[in-house]
Amino acid sequence: YHAQKAAKRVLRLLQVDTLPNFKAYQLRKFNPEQRLQIIEHAVYNTPNLGFVCIDGIRDVITSINDEEQATMITSKLLKWSGELNIHINCILHMNKGDNNARGHVGTELMNKSLSVLGVNKHEKQTDYSTIEAIACRDKEPNPLSFGIDSDGLPYLLEPEQMEILQKLSA
């Protein structure tokens, strides 16, 4: 349900019914090893692949604190991106209260990432969230804040609205 909902949101944001080069997979029913095999198969067997988003990279390993598994998954991602010249985006939750990614896998992914972005809800205005750079090897993007409309679609706040939110948070 949630995978379909997210895929449909992408299409609605682009205002199209279909995209010939957009595929979304729901892998919840599979175990971590099977999920990784399915993703690897899709990565190597999708023609003209350019971008991969893995929502829940933690779900392709059995322990976020196993150094061997963290190294294995990080090495696979580096291999895929290098061999196929693709961009890979991974979603990994952060520890509550700080900007540290969870476990050994989080540390390894942060160490190897081009950019690490954090998404946090505003403390006082919880209808809004801000995306900020945590670590970047190149130029950091400016922070941006967004809300979700009544149709479930994200929208960006104008700079003036962001300033008001920052003042409220100070």
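Residues numbered from 1 in each chain as written. Predicted model: local features only at pLDDT ≥ 70, side-chain atom pairs only at ≥ 80, totals over all residues. Heavy atoms only, no water.

## A word on helix 2 (residues 32-45)
Consideration 1: With 14 residues, helix 2 ought to run about 20 Å at 1.5 Å a step, and its terminal C-alpha atoms sit 20 Å apart, in line with that.
Consideration 2: Taken residue by residue, helix 2 has Arg35, Leu36, Ile39, Ala42 and Val43 as its buried positions. An end-on view of helix 2 places all buried positions within 130 degrees of arc, on one side of the element. Exposed residues on helix 2 whose side chains face more than 90 degrees from its buried face are Glu33 and His41.
Consideration 3: Packed against the buried residues of helix 2 are strand 1 (51-55) and helix 3 (67-84).
Consideration 4: Two to three positions downstream of the cap, the backbone nitrogen of glutamate 33 sits 3.1 Å from a side-chain oxygen, assigning the N-cap of helix 2 to asparagine 31. (Helix = DSSP H or I, 4+ residues; strand = E, 2+ residues; numbered from the N terminus. Expected span 1.5 Å × (residues − 1). Buried < 20%, exposed > 50% of the residue type's maximum accessible area, 1.4 Å probe, protein only. Arc of directions from axis to C-beta. Contact = heavy atoms within 4.5 Å. Polar contact = N/O pair within 3.5 Å; in protein donor to acceptor, adjacent residues only side chain to side chain.)

## Comments concerning the nonpolar core
Consideration 1: Core analysis: the biggest nonpolar cluster contains 20 residues, and Ile54, Ile57, Trp80 and Val105 have the highest contact counts within it.
Consideration 2: Counting residues per element, the ones that place at least two in this core are helix 2, strand 1, helix 3 and helix 4 (103-112).
Consideration 3: The element contributing the most residues to this core is helix 3, with 4 residues.
Consideration 4: In this structure, isoleucine 57 is in contact with Ile73, Leu77, Cys90, Ile91, Leu92 and Leu109, ignoring residues within four places of it in sequence. (Core = buried A, V, L, I, M, F, W, Y, C linked by side-chain atoms within 4.5 Å.)

## What to know about the sheet that holds strand 6 (residues 154-156)
Hydrogen bonds between backbone groups are what pair the strands of a sheet, and the pairing can be parallel or antiparallel.
Consideration 1: Strand order in this open sheet of 4 strands is 3-4-5-6, and the pairing throughout is antiparallel. Either end of the sheet is taken by a strand with one partner, and the two such strands are strand 3 (115-121) and strand 6. In this sheet, neighbouring strand axes are inclined to one another by 35 degrees on average, regardless of whether the strands run parallel or antiparallel. (Pairing = 2+ DSSP bridges. Axes fitted to C-alpha atoms, helices over the stretch in contact; angles between N-to-C directions.)

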